[in-house]
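# Structural description and commentary
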Amino acid sequence: MSDENLFFELKNFLCSDLPLAAWLESPYLLYQQPHTHDCFEILFVTSGTGWCAVNDLRFPMLLGDLYIIRPEDRHEFSGNLGLKFYNLMFSKDFFTGQEQMEFQSLLSDYGKFTIPNAARERIEPMLGELTAELKSSLPGHQVAARAIFLRFMVELLRYRDTHFIAATASTHESKLVAKAFEFIHRHCREKLTLSDLGKVFGCSPEYAGRFFKRLTGITFSDYLIRYRVDLACGRLENSTKSISEIAAELGYFDNAYFDKCFRKIMGMSPLDYRRMVAKK
């Protein structure tokens, strides 16, 4: 097995007799090189940003995104500071024959869900309960874990038709999006506009904006804000610089506007965020 194509086995992640593992991942390695599994994998993003590539097709990882990855799918991801996601790994043998038929449409293709806020508020606590039950030694914990996971899968099944983003973009398009991500990450401290994005794509600003949103599920400006705020969170956690200094480093020279953008993504002010992480 070469380092260029790692292979992970489900048995090494299990903490119960069920062929199912689940945990909240806060990766200390900001890049996971290409790999495959002998099982299915589901990633559900709870905070932060990054990108995930499945079979060489790259998607942004944003709050509420959920990825389904099959055993044969080659994938990798890169995260920014603050990225957290629930990681679920499971065998198809987890399901009965009838359940396999019910969930076939979910498990036959890889791709990304965009989970609406109302559903996300139900799913995130559900995955927290699942993780706790798998680690529990209380009577009936495996029965409880199995029931929670099936309820989670039903939730996804019911949202599939309207919220599943099929991974059908061409290789050429995926390379363009990867190029756009690289450009944004390299120049995020500058004043970026759709005109800049149009130069990356080689098209008009208007078309570049529509193209970016079609392939990523988010507008160029919203992705830029999320990326900058994620960088700001890392600085607020790990440095003693003032909030105005951090804002300026990220291209915000109007502190009120920085505060507004930060609140939009994090639901609190930069100062409140710094106080919150200081208490942990």
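The sections below set out a description of the structure shown in this document. Just so we're clear, the structure is a prediction, and the values are computed from it rather than from any experiment.

## Quick look at the packing of aromatic side chains
Tallied over the full model, the rule gives 22 aromatic pairs. Measuring from ring centre to ring centre gives 5.1 Å for Phe94 and Phe149, while their planes differ by 90°; the resulting arrangement is edge-to-face. Taken as a pair, Phe94 in the loop between strand 9 (84–90) and helix 1 (97–102) and Phe149 in helix 4 (residues 141–163) lie far apart in primary sequence, 55 residues in all. No difference in accessibility class separates Phe94 from Phe149, as the two residues are buried. Chaining the aromatic ring pairs together yields one cluster made of Phe40, Phe90, Phe94, Phe95, Phe103, Phe149 and Phe152. Arg146 extends its terminal NZ or CZ atom over the ring of Phe94, reaching a point 5.1 Å from the ring centre. Sitting above the plane of the Tyr252 ring, Arg228 keeps its charged end 5.3 Å from the centroid.

## Quick word on the nonpolar core
In this structure, Leu197, Phe201, Phe212, Tyr223, Tyr252 and Phe262 are the most contacted members of the largest nonpolar core, which totals 38 residues. Counting only elements with at least two residues in this core, the list comes to strand 5 (50–54), helix 5 (171–187), helix 6 (194–201), helix 7 (205–216), helix 8 (220–238), helix 9 (243–249), helix 10 (255–266) and helix 11 (270–278). Not counting residues within four places of it along the chain, the set of residues in contact with Leu197 comprises Ala180, Ala208, Gly209, Phe212 and Phe220. Of all hydrophobic cores here, the second largest spans 31 residues; its members include Ala22, Phe44, Leu66 and Ile123.

## Some points on the side chain of His75
Among the secondary structure elements, His75 is positioned in strand 8 (residues 75–79). Classification of His75 by relative accessible area gives buried; the value is 3%. One polar contact links the side chain of His75 to the main-chain carbonyl oxygen of Asp73, over a distance of 2.9 Å. Contact partners of His75, with chain neighbours within four places excluded, come to Gln33, Pro34, His35, Thr36, His37, Glu41, Ala53, Val54 and Ile69.

Rules of the game
Residues numbered from 1 in each chain as written. Predicted model: local features only at pLDDT ≥ 70, side-chain atom pairs only at ≥ 80, totals over all residues. Heavy atoms only, no water. Phe/Tyr/Trp six-rings, centres within 6.5 Å; stacked < 30°, edge-to-face > 60°. Helix = DSSP H or I, 4+ residues; strand = E, 2+ residues; numbered from the N terminus. Buried < 20%, exposed > 50% of the residue type's maximum accessible area, 1.4 Å probe, protein only. Lys NZ or Arg CZ within 6 Å of the ring centre and 35° of its normal. Core = buried A, V, L, I, M, F, W, Y, C linked by side-chain atoms within 4.5 Å. Contact = heavy atoms within 4.5 Å. Polar contact = N/O pair within 3.5 Å; in protein donor to acceptor, adjacent residues only side chain to side chain.

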